[in-house]
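Descriptive structure summary
Given next are the chains, with one letter for each unit.
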Amino acid sequence: MARIVMKFGGTSVGDIARIKNVALRVKAEVDRGNQVAVVVSAMSGVTNQLVAYCTEMATLHDAREYDAVVATGEQVTSGLLAIGLQELGIQARSWAGWQIPIISDDAHGKARIEDIKGDEIIKGMEQGHVAVVAGFQGVAPGNRVSTLGRGGSDTTAVALAAALKADRCDIYTDVDGVYTTDPRIVKAAKKLDKITYEEMLESASLGAKVLQTRSVEMAMKHHVRVQVLSSFSDAPGTLVCDEDEIVEKALVSGIAYSRDEAKVTLIGVQDQPGIAAAIFGPLADANINVDMIVQNTSHDGTTDMTFTTPRADLERALKVVKDNMKVPYKSIDTDKGVVKVSVIGVGMRSHAGVAQTMFKALAEKKINIHIISTSEIKVSVLISEEYTELALRALHTAYGLDAA
Ligand code: ADP
Ligand code: ASP
Ligand code: MG
């Protein structure tokens with residue numbers, strides 16, 4: 001007998017027939033004698049619609065009310081799945097975040113889970129009850145509903161698995177595992193049997209949305225065994241685990257991309273000590289993330305400084321720079337049509353030449369690189385968005401990742 005948390009994403013609960021299918025999958029685990037808690041997302045498209053309603057109501061809106069609105073999608077699916085399970089003769093009930101409670105901080109819209117009181121759910125599980133938990137939501141100080149950021153149901157599932165001391169956390173989605181790159185873009189992408197927490201964390205934070213970044217952080221910290229698998233097939237999935245569980249380590253485990261990027265270039269900035277601090281200090285104070293940075297060498301006493309921010313923050317970033325720039329500059333240029341493509345692999349730690357393979361493959365396709373950044377286990381480049389698919393395919397082949 002094992003204790004399992006099963007999480008089903010938006011497509012997996014996309015309509016009533018699919019929720020009934022999920023109920024059957026849950027029943028199968030119960031019939032095997034396992035203790036089960038389930039985490040569900042909103043039906044696919046619902047959260048987007050709820051977000052759009054808030055924006056239509058007011059472009060700038062109260063983040064606490066945004067949370068009150070967008071958290072409702074998961075409440076619907078948790079109730080529906082509980083009904084579906086009861087129809088199959090299984091004792092089940094729905095749990096909203098506040099009922100458990102899943103306690104979060106007050107960063108509305110992107111709250112972090114601080115604690116989960118799992119006692120009642122454990123008591124129920126021990127008596128054969130299935131808890132159906134609404135993902136993505138928690139309760140913030142002041143008894144306000146909070147949400148955990150887009151894709152946050154993954155984090156609910158992993159956090160719940162840690163709190164319940166579950167043996168496994170199974171993430172059911174619309175692909176049957178973690179692939180070498182997004183299988184919807186590169187048909188030759190290969191499914192991985194296993195991936196290290198570290199590589200999964202890097203991939204998620206660099207754009208592979210198959211797992212929310214925080215869910216991987218949480219799994220790594222609490223040693224939760226996470227499996228990614230399909231709710232539509234019985235194919236074996238991908239296990240996210242420690243490095244020492246992986247016998248054959250690939251040099252490069254995957255390629256990720258993120259369209260959530262915008263490029264800003266300050267042209268003709270006076271080249272003098274303190275320019276970086278003058279530009280990036282105010283951005284940090286305004287809570288705007290700056291990711292890649294490049295400063296060109298100066299020739300006539302001035303230089304160009306280029307950096308990236310999340311696309312949604314571009315307008316705010318521009319305002320902050322313009323309002324606070326103490327150092328003289330000529331003009332400012334922006335580009336929203338960029339994508340960050342990253343090659344990831346723990347093998348890079350011990351092998352040279354990984355970046356060169358990337359640069360060569362892109363050069364052969366005549367793809368221009370705007371910015372490069374590296375860390376111990378990844379190399380990222382910023383390129384024009386129109387080349388996304390071409391670059392992903394070329395790199396996939398260049399690193400020998402194509403499925404046979
Ligand atoms: P869910 O609604 O189940 O949470 P998501 O849409 O959030 O599902 O995540 C699954 C999607 O992640 C897949 O449909 C796929 O297009 C995308 N994806 C991106 N990178 C990868 C990858 N490396 N492996 C698998 N899927 C990926
Ligand atoms: N429904 C939320 C979203 O679409 C959370 C999730 O699906 O994980 O972002
Ligand atoms: Mg998701």
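Everything numeric in this text was worked out from a predicted model, so none of it was measured.

About the thresholds
Residues numbered from 1 in each chain as written. Chains lettered and ligands numbered in written order. Predicted model: local features only at pLDDT ≥ 70, side-chain atom pairs only at ≥ 80, totals over all residues. Heavy atoms only, no water. Near = heavy atom within 4 Å. Polar contact = N/O pair within 3.5 Å; in protein donor to acceptor, adjacent residues only side chain to side chain. Areas by Shrake-Rupley, 256 points an atom, 1.4 Å probe, with all protein chains shown as cover. Nonpolar A, V, L, I, M, F, W, Y, C, P; charged D, E, K, R; others polar. Helix = DSSP H or I, 4+ residues; strand = E, 2+ residues; numbered from the N terminus. Buried < 20%, exposed > 50% of the residue type's maximum accessible area, 1.4 Å probe, protein only. Arc of directions from axis to C-beta. Salt bridge = Lys/Arg side-chain N within 4 Å of Asp/Glu carboxyl O.

**Section: the site of ligand 1**
As a matter of local geometry, ligand 1 sits amid 16 residues, with Thr173, Asp174, Tyr179, Asp182 and Arg184 nearest to it. Contact distances for ligand 1 include 2.9 Å between an oxygen atom and a side-chain N or O atom of aspartate 182. Arginine 184 places a polar side-chain atom, nitrogen or oxygen, 2.8 Å from an oxygen atom of ligand 1. Alone, ligand 1 offers 570 Å² of accessible surface; in the complex the protein occludes 87% of this. Of the residues that constitute the shell around ligand 1, the class distribution is six nonpolar, five polar and five charged.

**Points about unusual backbone geometry**
Across the junction of isoleucine 100 and proline 101, the peptide omega takes the value -15°, indicating a cis bond. Along the chain, proline 101 turns up in the loop between strand E3 (92-95) and strand E4 (102-104). At phenylalanine 136, a residue that is not glycine, the phi angle is positive and equals roughly 75°. Within the secondary structure layout, phenylalanine 136 lies in the loop between strand E6 (130-134) and strand E7 (137-140). Of note, asparagine 143 is a non-glycine position whose phi angle comes to about 65°, a positive value. Structurally, asparagine 143 is set in the loop between E7 and strand E8 (144-147). Note on asparagine 143: relative accessible area 70%, which makes it exposed.

**Comments concerning helix H5 (residues 119-126)**
Within H5, the full set of buried residues consists of Ile121, Gly124 and Met125. Relative to the axis of H5, the buried residues are bounded by an arc of 100° and lie together on one face. The exposed residues of H5 that point more than 90 degrees off its buried face are Asp119, Lys123 and Glu126. Positive backbone phi, at 85°, marks glycine 128, one or two positions downstream of H5.

**Overview of the pattern of salt bridges**
A complete count under the given rule lists 26 salt bridges for this structure. Taking the shortest distance from any N to any O, the salt bridge between aspartate 170 and arginine 168 comes out at 2.8 Å. Overall, arginine 168 belongs to the partly exposed group, its relative accessible area being 27%. With its nearest N and O atoms 3.8 Å apart, the salt bridge here joins lysine 360 to glutamate 364.

**Section: the site of ligand 2**
Inspection of the region around ligand 2 gives Ser41, Ala42, Thr47, Glu74, Phe136, Arg150, Gly151, Gly152 and Ser153 as its neighbouring residues. Measuring from an oxygen atom of ligand 2, one finds a backbone N or O atom of serine 153 at 3.0 Å. Considered on its own, ligand 2 offers 270 Å² of accessible surface; in the complex 86% of this is hidden by protein. In the shell around ligand 2, the residues fall into two nonpolar, five polar and two charged.

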